[in-house]
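Letter by letter, the chains look like this.
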Amino acid sequence: MPYFPFFANIENMPCLVVGGGQVALRKLEKLLDFSPIIKVVALKACGEIRELADRGMITLFERAFKDSDIDGSTFVITATGDRGVNRHISQLCRQRHIPCNAVDDPESCTFFFPAIVTEGDVCIGISTGGKSPTLASHLRKTIQSQTEGRLGDICNVMGKVRDYALENISTEQARKKAMAEALKICLESDVLPTEEQLIEMIKERK
Ligand SMILES: C[C@@]1(CC(=O)O)c2cc3[nH]c(cc4nc(cc5[nH]c(cc(n2)[C@H]1CCC(=O)O)[C@@](C)(CC(=O)O)[C@@H]5CCC(=O)O)C(CC(=O)O)=C4CCC(=O)O)c(CCC(=O)O)c3CC(=O)O
Ligand SMILES: NC(=O)C1=CN([C@@H]2O[C@H](COP(=O)(O)OP(=O)(O)OC[C@H]3O[C@@H](n4cnc5c(N)ncnc54)[C@H](O)[C@@H]3O)[C@@H](O)[C@H]2O)C=CC1
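Residues numbered from 1 in each chain as written. Chains lettered and ligands numbered in written order. Predicted model: local features only at pLDDT ≥ 70, side-chain atom pairs only at ≥ 80, totals over all residues. Heavy atoms only, no water.

Things to note about the pairing of strand E2 (residues 37-42)
Bridging between strand E1 (residues 14-18) and E2 involves five bridges; their strand directions are parallel. Bridge assignment links Cys 15 to a residue of E2, and that residue is Ile 38. In this sheet, strand E3 (residues 59-62) lies alongside E2 in parallel orientation, the contact comprising four bridges. What sits directly across from Ala 42, in E3, is Glu 62. Each parallel crossover has a hand, and the one from E2 via helix H2 (residues 47-54) to E3 is right-handed. (Pairing = 2+ DSSP bridges. Helix = DSSP H or I, 4+ residues; strand = E, 2+ residues; numbered from the N terminus. Right-handed = clockwise from strand over helix to strand, strands pointing away.)

Written as structure tokens, this is what we have:
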């Protein structure tokens, strides 16, 4: 059974990462793009994680995990190399209904990390239900090689045209047609039209 891709706003959400090795680092780098408030607890953190702490991107505690560390966390990643510790943390989270990602044990996870392609507000997450991270990674690279880096800009201008359409075009059917027209123009033009140009174009075609 595939996993449902909830897309969540995690900006300013307090979260906990336990462990300070390369796997914790990869999860941290991914999360940082989405601006949660991150606390890391690790017996010994790698140099890159210490550097993130020095730059104020995360709060780092170099010591063993204690149960009270999960207090106040909206989600938890347990990335220690110790299976027993990871399992203990995921069980604690389960009891307290806190979503938990246990990097060494798909069965204990209540959420997985996807392979991610982001361009502005466009975000494509790929999961294989935990079966093959290598396939997820391959699919990410394939998608990345096929986009032209314009999706974020297209999404922005389409968002503005949509605001206009919601205000000024009265029926849902007409709005749908206008938005389809606007997208076609964006995809077919070498230089992306501005919001004003695009609105003029869809007005003319009404
Ligand atoms: C269940 C899940 C839980 C989670 O971590 O969220 C999980 C679990 C495990 N991964 C393992 C290994 C590897 N993981 C990767 C890479 C990625 N792993 C990611 C996600 C996930 N990994 C979740 C499922 C996602 C899905 O549904 O597909 C990605 C997509 C996202 C990310 O981590 O950021 C990222 C690619 C990002 C990108 O390229 O964009 C590579 C390849 C590499 O490093 O190049 C390897 C080595 C090859 C191999 O083993 O396949 C092991 C065994 C460890 C061991 O051998 O002991 C476990 C534990 C187990 O399966 O038991
Ligand atoms: N999900 C994924 O994408 C992948 C998961 N893995 C799994 O991830 C796990 C971690 O891998 P690495 O980062 O390479 O391991 P690592 O051994 O380099 O790092 C483990 C970290 O956990 C810390 N730690 C251990 N016990 C602790 C405790 N009680 N409290 C606080 N911190 C503690 C250590 O100090 C260290 O910082 C491994 O079990 C591996 O099987 C490996 C590859 C990919």
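There's more to say after this.
Focus on the nonpolar core
Residues Val 17, Leu 28, Leu 31, Ile 38, Ile 49 and Ile 58 are the most contacted members of the largest nonpolar core, which totals 20 residues. Tallying contributions element by element places helix H1 (residues 22-32) first for this core, with five residues. For Leu 28, the contacting residues outside a window of four places in its chain are Val 17, Ile 38, Val 40, Ile 49, Leu 52 and Ile 58. Listed in part, the 15 residues of the second largest apolar core include Ala 165, Ala 178, Ile 185 and Cys 186. (Core = buried A, V, L, I, M, F, W, Y, C linked by side-chain atoms within 4.5 Å. Buried < 20%, exposed > 50% of the residue type's maximum accessible area, 1.4 Å probe, protein only. Contact = heavy atoms within 4.5 Å.)

Description of the domain arrangement of the protein chain
Structurally, the protein chain comprises domain 1 (14-112), domain 2 (114-147) and domain 3 (151-204). Taken over C-alpha atoms, the centre of domain 1 sits 42 Å from the centre of domain 3. (Domains from an automatic or database assignment.)

A closer look at the layout of surface pockets
Approximately 1100 Å³ is the volume found for the largest pocket. Considering the residues around the largest pocket, the lining is formed by 33 residues, among which Phe 6, Phe 7, Ala 8, Phe 112 and Pro 114 are closest to the centre. Elements supplying a minimum of two residues to the lining of the largest pocket: H1, strand E6 (115-119) and strand E7 (122-126). Ranked by the residues each element gives to the lining of the largest pocket, the list is headed by E7, at four residues. Residue composition of the lining of the largest pocket, grouped by class: 21 nonpolar, eight polar and four charged. The two domains that each donate at least three residues to the lining of the largest pocket are domain 1 (14-112) and domain 2 (114-147). Of the volumes computed, that of the second largest pocket is approximately 520 Å³. Going through the elements one at a time, H1, strand E5 (100-102) and helix H4 (133-146) are the ones with two or more residues in the lining of the second largest pocket. Here the lining of the second largest pocket spans two domains, since at least three of its residues come from each of domain 1 (14-112) and domain 2 (114-147). (1 Å grid on protein atoms, 1.4 Å probe; cavity = no way out; pocket = protein on both sides within 12 Å on 5 of 7 lines; lining within 4 Å. Points joined across faces, edges and corners; volume = space filled by probe spheres on them. Nonpolar A, V, L, I, M, F, W, Y, C, P; charged D, E, K, R; others polar.)

Looking at the pattern of salt bridges
Using the criterion set out here, one finds eight salt bridges in the structure. Close ionic contact of Asp 104 with Arg 83 constitutes a salt bridge, the shortest N to O distance being 3.9 Å. Of this pair, Asp 104 sits in the loop between E5 and E6 while Arg 83 sits in helix H3 (residues 83-95), placing them 21 residues apart in sequence. Given the relative accessible area of 26%, Asp 104 is considered partly exposed. Linked by salt bridges that have partners in common, Lys 39, Arg 63 and Asp 69 make up one network. (Salt bridge = Lys/Arg side-chain N within 4 Å of Asp/Glu carboxyl O.)

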